[in-house]
Amino acid sequence: MKKYIPKIVGFSINSIGLLAPKYAAHLSMTLFSSPKKGKTNEKQANYLKGANQDEVICKDITIKTYQWTGKKDTVLLAHGWESNTYRWKDLIELLRAKDYNVVALDAPAHGSSGGKLFNALIYSECIHAVAKKFNASVIIGHSVGGMATAFGNYNYPLPHVKKLVLLGAPADFTGVFSRYIDMMGYNNRTSKAMGKYVLKRFNHLPEYFDAAKFTSNFEEKGLIVHDKKDRIIPYKDGLKFKQNYANAEFVSTKGFGHGLKSELVYDHILDFLNT
């Protein structure tokens, strides 16, 4: 029964769209932007107590930040959808062992940050604010955190950011959008209304927000990692980044899935940081 719930909800929103397409778009986009999990639990909070914790206000949202101080470059970690800073635990320990200054943030509506809604554009501004505050020289983003990192670097480049790492990142918003539409079973009327909603809210249609194309003029050195068995963000998205991001190294893995939590991946990241 659980697997049919998205279609049932989608059918209901489609029905609303027959008479009120703008309201249907509002409902569908609110649902799209509302994470169901990702808040910090007790086990995660206990680990994060070892960090220096602070807050940054971005777009009137209180963003929780964590810092493990070190003498080397500052590395900023940006997690993905329905996750939080704890997902970086293994990489944090490896970076600390190498004496990097490690900073991480909880995205809006995730972890211990405030807010109820989330999207990659708002997240990109939060990543920018934290990177600026801590003078980050490297940003590592997983999944939509990688997409938001690309958006942020395109719209708000910082001179002290020299390297970007994109792990299992969506290449464009249209792909994310279409997968959501397919999952919910939205019809053409609802889908078109959603596109108009994005245009009114963000001044561009969904196809404009193409993270991979945005990287084509990036001067920052990049590392792109994508797994061939990624069932969340298709492998073709990684290849699209590879085709556009001229100043980036592309690493293809197999068997680590979307999470990419692997010693092999971490070794690639550490080697990239050392070059």
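Structure first, text after, so check above.
Anyway, here's the lowdown on the structure attached to this text. (Residues numbered from 1 in each chain as written. Predicted model: local features only at pLDDT ≥ 70, side-chain atom pairs only at ≥ 80, totals over all residues. Heavy atoms only, no water.)

**Some remarks on unusual backbone geometry**
Comment: phi is negative for the bulk of residues other than glycine, and the bulk of peptide bonds are trans. Note the threshold: Think of it this way: any DSSP run of H or I at least four residues long counts as a helix, any run of E at least two long counts as a strand, and we number them from the N terminus.
Even without being a glycine, D60 presents a positive backbone phi close to 65 degrees. Residue position: D60 is located in the loop between β1 (52-58) and β2 (61-68). Non-glycine residue E82 carries a positive phi angle of around 50 degrees. Position of E82 relative to the elements: it lies in the loop between β3 (74-78) and α4 (89-97).

**Observations regarding the side chain of D230**
Defined as follows: Under this definition, polar contacts are N or O atom pairs within 3.5 Å; protein pairs additionally need one hydrogen-donor-capable and one acceptor-capable atom, and for neighbouring residues in sequence, both atoms have to be side-chain atoms. Pairs of residues are marked as contacts when any of their non-hydrogen atoms sit within 4.5 Å.
The topology assignment puts D230 in the loop between β7 (221-227) and α10 (235-244). At a separation of 2.8 Å, a polar atom in the side chain of D230 contacts the main-chain amide nitrogen of I232. In this view, D230 contacts G168, G257 and H258; residues no more than four positions away in its chain are not counted.

**Observations regarding the sheet that holds β7**
Our working definition: Two strands are said to pair when DSSP picks up at least two bridges between them. Angles here are taken between N-to-C directions and fall from 0 to 180 degrees, while the axes themselves are lines fitted to C-alpha atoms, restricted in helices to the stretch in contact.
Strand order in this open sheet of eight strands is β1-β2-β4-β3-β5-β6-β7-β8, and the pairing throughout is mixed. Edge positions in the sheet fall to β1 and β8 (248-253), since each of these pairs with one other strand and no more. Across this sheet, the average inter-strand angle for adjacent strands is 20 degrees, counted without regard to direction. Here five bridges tie β3 to strand β4 (residues 101-105), and the two strands are oriented parallel to one another. Bridging from a neighbouring strand, T74 pairs with N101 of β4. Running at roughly 160 degrees to β7, α10 makes contact with β6 (163-167), β7 and β8 of the sheet.

**Regarding the pairing of strand β5 (residues 138-142)**
Defined as follows: For the exposure calls, accessible area comes from a 1.4 Å probe over protein chains only, and a residue counts as buried if that area is under 20% of its type's maximum, exposed if over 50%, partly exposed in between.
Here β5 lies mainly inside the structure; five of its five residues are buried. Both faces of β5 are covered, namely the face carrying V138, I140 and H142 and the face carrying I139 and G141. The pairing of β3 with β5 spans four bridges and is classified as parallel. From the neighbouring strand, A78 faces β5, where its bridge partner is G141. Inspection of the sheet shows β5 paired to β6 by five bridges, in the parallel sense. Within the sheet, the bridge partner assigned to H142 lies in β6 and is L167.

**Topic: helix α8 (residues 188-202)**
The condition is simple: Multiplying 1.5 Å by the residue count of a helix minus one yields the expected span of that helix.
Helix length check: α8 (15 residues) gives 21 Å between terminal C-alpha atoms against 21 Å at 1.5 Å per residue, within 8%. Regarding α8, the residues found buried are T190, S191, A193, M194, G195, V198 and F202. In this structure, the buried side of α8 is in contact with α1 (5-19), α2 (21-32), α5 (120-134) and α7 (173-184). The backbone nitrogen of R189 lies 3.2 Å from a side-chain oxygen of the residue at the head of α8, namely N187.

**Considerations on the packing of aromatic side chains**
Quick note on the threshold: Only Phe, Tyr and Trp rings are paired, with Trp represented by its six-membered ring, and only when their centres lie within 6.5 Å; those with planes under 30 degrees apart are stacked, over 60 edge-to-face, the remainder tilted.
With the rule as written, the count across this model stands at 19 aromatic pairs. Between F173 and F209 the ring centres are 6.4 Å apart and the planes differ by 85 degrees, which places this aromatic pair in the edge-to-face class. Separated by 36 residues along the polypeptide, F173 in helix α7 and F209 in the loop between α8 and α9 (211-214) bring together distant segments of the chain. Here F173 falls in the buried class, since its relative accessible area comes to 14%. By relative accessible area, F209 is classed as buried at 7%. Site record: aromatic cluster; members linked through ring pairs are F32, F151, Y154, F173, F177, Y180, Y186, F202, Y208, F209 and F214.

Nothing here speaks to function; it is all geometry.
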